[in-house]
Protein chains: 2
Amino acid sequence: MPEAAPAPTRAAIGAGEFDRDTAVTRREPGVYDIDLSAGWTIINAVNGGYLLAVLGRALADALPHPDPFTISAHYLTASQPGPAVIRTETVRTGRTLSTGQASLFQYDDQDREVERIRVLASYGDLATLPEDVRTTATPPAIPPAEQCFGPDDSPAPIPGSSAITDRLKLKLDPATLGWALGAPSGKGEMRAWFGLADGRDADPLSLLLAVDALPPTAFEIGLKGWVPTVELTVHVRHRPAPGPLRVSITTRNLAGGFLEEDAEVWDSADRLVAQSRQLARVRLG
Amino acid sequence: MPEAAPAPTRAAIGAGEFDRDTAVTRREPGVYDIDLSAGWTIINAVNGGYLLAVLGRALADALPHPDPFTISAHYLTASQPGPAVIRTETVRTGRTLSTGQASLFQYDDQDREVERIRVLASYGDLATLPEDVRTTATPPAIPPAEQCFGPDDSPAPIPGSSAITDRLKLKLDPATLGWALGAPSGKGEMRAWFGLADGRDADPLSLLLAVDALPPTAFEIGLKGWVPTVELTVHVRHRPAPGPLRVSITTRNLAGGFLEEDAEVWDSADRLVAQSRQLARVRLG
């Protein structure tokens with residue numbers, strides 16, 4: 001009898017690609033170094049959620065509370081793979097919440113620091129929250145993962161680097177995949193099952209990646225081109241259960257050259273574990 | 001024939017109570033003084049939207065662009081009526097967007113500065129945005145203002161100071177007023193027609209007030225007590241047309257001692273002029 005193939009190894013939280021590529025080295029209190037990975041780029045841009053997770057990790061080290069409860073990032077200049085430094089400031093420490101600020105800098109050709117992103121965040125400890133749930137929101141209507149499609153299934157190869165797609169296990173709702181077949185629905189929606197390619201389960205920091213890891217809703221609206229994030233705010237409301245996440249993104253206010261993307265992240269226990277909104281610029285020309 | 005009563009005078013933008021009470025005095029570049037008004041308090045707390053508007057006004061002076069496009073505030077300690085200083089920092093200036101940071105401090109009994117609020121914001125010029133509108137969101141279903149009710153109509157007097165209600169012309173949707181009659185609907189919704197009592201039309205800065213000026217959705221859910229804001233992020237998307245605003249607030253994720261309030265502000269031209277989300281703490285005990 002042939003031997004069964006061994007079950008694929010799932011990376012433990014702390015030991016996956018996400019952990020390796022968001023790890024920061026504390027140089028001194030409030031100063032962290034990192035080499036931004038080229039593995040989380042999409043169409044030549046370093047993914048904004050990956051960058052937010054990097055800053056989130058630095059703040060988790062700097063602040064006395066471990067989990068981002070609410071974190072806002074303003075994206076100032078485009079980050080590149082390569083060396084970066086993060087400088088954090090503790091704004092206030094309280095019993096249940098602490099607030100901090102963090103900036104990520106890279107270096108110009110004269111080695112001067114150029115600020116890429118500034119973040120303001122309040123952290124707490126998700127493990128100490130009471131377990132009451134009066135959520136009235138309901139999980140997104142998305143077909144089972146086997147009926148959804150990943151980038152490898154798509155007939156439309158993504159131009160430029162799609163390194164990030166190798167880090168993720170994304171299965172998009174066919175109802176939000178019209179753009180990949182040249183027939184966008186016209187609706188500002190994007191939904192997918194989300195996981196990390198190495199099987200690492202989600203944690204509060206990887207939720208910061210998850211809210212910004214899907215194709216832009218602009219594609220389904222029928223727009224092409226880059227939709228750069230101006231600002232992104234994430235609320236992390238509960239530690240995610242092990243297993244795949246469902247991410248549902250909606251745009252309802254495309255106007256004046258800007259749009260918002262509202263993301264909800266649901267875990268395998270049907271908890272609404274994160275909510276986010278970003279303001280992004282649309283290139284109409 | 002009796003003379004018609006003269007039409008009530010509407011304060012011009014720049015000359016209303018809101019302008020007077022959010023005016024800041026530049027002491028030197030990046031430093032602004034203000035005496036926080038006692039006129040915008042609700043139940044002994046200075047209203048968070050009023051405070052955000054104060055900071056927004058300081059940043060509008062400090063930055064080269066006039067209008068907050070996206071502004072996030074973390075509320076650290078409770079502000080009081082009285083002297084305050086705002087310190088701003090220009091983070092980046094660009095051609096169409098600039099980013100700034102601002103902190104509001106008050107003074108302890110030894111005259112030391114205590115930080116109350118920190119803000120991170122990106123500003124632009126709403127007047128330069130193209131007029132294309134592909135908004136798919138629709139205005140809230142709210143009865144005409146004559147069928148809605150203001151605080152003066154309510155049988156339930158608001159305990160503690162209700163000074164802010166004298167500054168506003170609020171007419172609440174009766175469908176979200178059950179709490180005032182001892183019969184909350186159980187739904188996390190609050191809707192109202194919103195204006196300033198002196199008739200001053202809305203402008204981008206007063207939208208920062210409007211998103212936080214309604215009673216808490218928690219009241220309609222059946223919770224009592226204070227629902228302090230931890231963080232509030234507002235997107236201002238269009239200069240509001242003259243006339244009354246409609247504000248619709250929704251809570252869908254009350255869990256673990258926190259809730260979110262999503263606000264939409266619609267102007268008289270049926271434009272979705274502002275969207276916000278706040279994270280607030282719920283006192284369940």
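Since the structure is predicted, the reported quantities are computational estimates derived from the model, not experimental observations.

Another point: the overall build of chain A. Along chain A, the regular secondary structure elements total five helices and 14 strands. For chain A, with 285 residues in total, the buried portion stands at 59%. Intrachain contacts of chain A at a sequence separation of at least 6 include 71% that bridge at least 24 residues. Split by element, the accessible area of chain A, about 11,700 Å² in all, is 53% carbon and sulfur.

What follows covers the nonpolar core. All names here are of chain A. Ranked by size, the top nonpolar core spans 65 residues in total, and within it Tyr50, Leu52, Ile86, Val119, Leu168, Phe194 and Leu209 carry the most contacts. With eight residues, the top contributor of residues to this core is helix 2 (residues 48–62). Those residues in contact with Phe194 that lie beyond four places of it in its chain are Leu168, Lys169, Leu170, Leu209, Ala210, Ala213, Leu214, Pro244, Leu245 and Val247.

Attention now goes to helix 2 of chain A. All names here are of chain A. In a regular helix each residue adds 1.5 Å, so 15 residues correspond to 21 Å; helix 2 covers 21 Å between its end C-alpha atoms and thus fits that length. Extensive coverage of helix 2 is indicated by the burial of 11 of its 15 residues. Among the residues making up helix 2, those that are buried are Gly48, Gly49, Tyr50, Leu51, Leu52, Ala53, Val54, Leu55, Gly56, Ala58 and Leu59. The opening residue of helix 2, the one whose side-chain oxygen lies 2.9 Å from the backbone nitrogen of Gly49, is Asn47.

Rotating chain A by 180 degrees about the axis while translating it 0.0 Å along that axis superimposes it on chain B, leaving an RMSD of 0.0 Å. Overall, the copies show the geometry of a two-fold rotation axis.

On to the interface of chain A and chain B, then. Between chain A and chain B, the contact holds 55 residues from the first and 55 residues from the second. Counting the surface lost from both chain A and chain B, the interface buries some 4,800 Å², and carbon and sulfur atoms represent 50% of this. The largest per-residue losses of area from chain A upon contact with chain B belong to Arg237(A), Arg252(A) and Arg277(A), which jointly make up 14% of the total buried on that side. Counting every contact that joins chain A to chain B gives four salt bridges. A salt bridge links Arg118(B) to Glu89(A), with the nearest nitrogen and oxygen atoms 2.9 Å apart. In this structure, the connection of chain A to chain B is made through 42 residue pairs in polar contact (both at pLDDT 80 or more). Contributions of two or more residues to the side of chain A that touches chain B are made by strand 5 (67–75), strand 6 (82–93), strand 7 (98–107), strand 8 (113–124), strand 11 (229–236), strand 13 (258–266) and strand 14 (272–281) of chain A.

What follows covers the packing of aromatic side chains. For the structure on display, the rule yields eight aromatic pairs over all chains. Aromatic pair Phe258(A) and Phe69(B): ring centres 5.4 Å apart, planes at 85 degrees, arrangement edge-to-face. Pair noted here: Phe258(A) is in strand 13 and Phe69(B) is in strand 5 (residues 67–75), and the two residues belong to different chains. For the pair shown, Phe258(A) and Phe69(B) are each scored as buried. Pairing Phe18(B) with Trp40(B) gives two aromatic rings, centres 6.1 Å apart and planes at 75 degrees, and the pair type is edge-to-face. With Phe18(B) in helix 1 (residues 17–22) and Trp40(B) in the loop between strand 2 (31–36) and strand 3 (41–42), this pair connects stretches of sequence that are 22 residues apart.

Calculation notes
- Residues numbered from 1 in each chain as written.
- Chains lettered and ligands numbered in written order.
- Predicted model: local features only at pLDDT ≥ 70, side-chain atom pairs only at ≥ 80, totals over all residues.
- Heavy atoms only, no water.
- Helix = DSSP H or I, 4+ residues; strand = E, 2+ residues; numbered from the N terminus.
- Buried < 20%, exposed > 50% of the residue type's maximum accessible area, 1.4 Å probe, protein only.
- Contact = heavy atoms within 4.5 Å.
- Areas by Shrake-Rupley, 256 points an atom, 1.4 Å probe, with all protein chains shown as cover.
- Core = buried A, V, L, I, M, F, W, Y, C linked by side-chain atoms within 4.5 Å.
- Expected span 1.5 Å × (residues − 1).
- Polar contact = N/O pair within 3.5 Å; in protein donor to acceptor, adjacent residues only side chain to side chain.
- Least-squares fit on C-alpha atoms with pLDDT ≥ 70 in both.
- Buried area = accessible area lost by both parts, 1.4 Å probe.
- Salt bridge = Lys/Arg side-chain N within 4 Å of Asp/Glu carboxyl O.
- Phe/Tyr/Trp six-rings, centres within 6.5 Å; stacked < 30°, edge-to-face > 60°.

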